[in-house]
Amino acid sequence: MNGLNKGISKVEVSVKWDPSPPGEPAIDLDIVAATYLATDTHENPDYVVHFDSRSPDGTIYLNRDSKDGKGFGWDEVMTLELSRLNKRYARVMVGVAIQQRTGRRTFVGVHNPALRIREGYTVLAEDDFGSVLGATATAIAEFVRDDSGEWAFRPTVRGFDADPATFARIMGNTDEA
């Protein structure tokens, strides 16, 4: 490892949105992370982390989960401790899916959504989902381990028209968007 090139170590992904107006069904956004083995970095995630789950080794976990956007500040927060992730993993995709329990919902119907990705106090990316208004889910970040073992961040906002379960399975496949 080059002592001058630290790479990405521990990342916080945060999402917020305003609650639905009175009388309308609640909107539920969920952060989802999918890990890919070095032998299969695009097709099949080895495991997926979302609400009610965490990575088997505890390196990826949800700190905060909201079902309606009524939190204070950031409604959903996920931590990825990339530096602790087993060396057999070479890629992690992170996305946001809208729960579809009350009918088809897209980002155009989400009030004041925002996302922030940061490492420590350094903001790596911010977005308002404006480029994916017709999507039901979107990939928001890609983390890739290089040959030296360091993690790099690749920002992305790429919309999908898929339910949350399907999205978790396909968000790493660049041909599916």
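This text goes with the structure placed above it.
The structure presented is a predicted model; accordingly, all values stated were derived computationally and were not measured.

Caption draft 1: Representation of the packing of aromatic side chains in the model. Within this structure, the stated rule accounts for four aromatic pairs. Here Tyr47 and Tyr89 contribute two aromatic rings whose centre-to-centre distance is 5.6 Å and whose plane-to-plane angle is 80°, an arrangement assigned as edge-to-face. Of the two residues, Tyr47 is situated in strand β3 (residues 47-49) and Tyr89 in strand β6 (residues 89-98); the sequence distance between them amounts to 42 residues. Here Tyr47 and Tyr89 have matching classes, each one buried. Aromatic side chains Phe143 and Phe153 sit 5.3 Å apart centroid to centroid with 35° between the ring planes, which places their arrangement in the tilted category. Linking Phe143 in strand β9 (residues 137-145) with Phe153 in strand β10 (residues 151-160), this pair joins segments that are 10 residues apart in sequence.

Caption draft 2: Inspection of the sheet that holds β10 at higher detail. Reading across from one edge, β3-β2-β6-β9-β10 is the order of the five strands in this open sheet, with antiparallel pairing throughout. Either end of the sheet is taken by a strand with one partner, and the two such strands are β3 and β10. Along the sheet, successive strands turn relative to each other by an average axial angle of 20°, direction set aside.

Caption draft 3: Region of interest: the sheet that holds strand β4 (residues 60-64). With antiparallel pairing, the five strands of this open sheet are ordered in space as β4-β5-β1-β7-β8. Because the sheet does not close on itself, it has two edges, and the strands there are β4 and β8 (122-127). Neighbouring strand axes in the sheet, compared pairwise and without regard to direction, differ in orientation by 20° on average. As paired elements, β4 and strand β5 (residues 76-81) share four bridges and run antiparallel to each other.

Caption draft 4: Unusual backbone geometry, seen in detail. Phi angles above zero are rare outside glycine, and Asp52 is one such case at about 65°. With respect to the helices, strands and loops of the structure, Asp52 is situated in the loop between β3 and β4. When its relative accessible area of 77% is taken as the criterion, Asp52 is described as exposed. Phi is positive for Phe129, close to 65°, though the residue is something other than glycine. Counting through the fold element by element, Phe129 comes out in the loop between β8 and β9. Relative accessible area serves as the criterion here: at 0%, Phe129 is assigned to the buried category.

The rules behind these values
Along each chain, residues carry numbers from 1 onward, in the same order as the chain's sequence is written. The predicted nature of this model means local features are confined to residues of pLDDT at least 70 and side-chain atom pairs, given and counted, to a pLDDT of 80 or more, with totals for whole chains, interfaces and linings taken over all residues. In computing side-chain values, all of the structure's heavy atoms are included and hydrogens and water are not. Here is the rule: rings of Phe, Tyr and Trp (six-membered ring for Trp) pair when centre to centre is within 6.5 Å. Planes less than 30 degrees apart are stacked, more than 60 are edge-to-face, and the remainder are tilted. In this description a helix means any DSSP run of H or I spanning at least four residues, a strand means any run of E spanning at least two, and both kinds are numbered starting from the N terminus. The cut-offs for exposure are 20% and 50% of the maximum accessible area for each residue type, with area from a 1.4 Å probe on protein chains only; residues under the lower value are buried, those over the upper are exposed, and the others partly exposed. Here, a strand pair is defined by DSSP locating no fewer than two bridges between the strands. A fitted line through C-alpha atoms represents every axis, and for helices the fit uses only the stretch in contact; the resulting angles, taken between N-to-C directions, go from 0 to 180 degrees.

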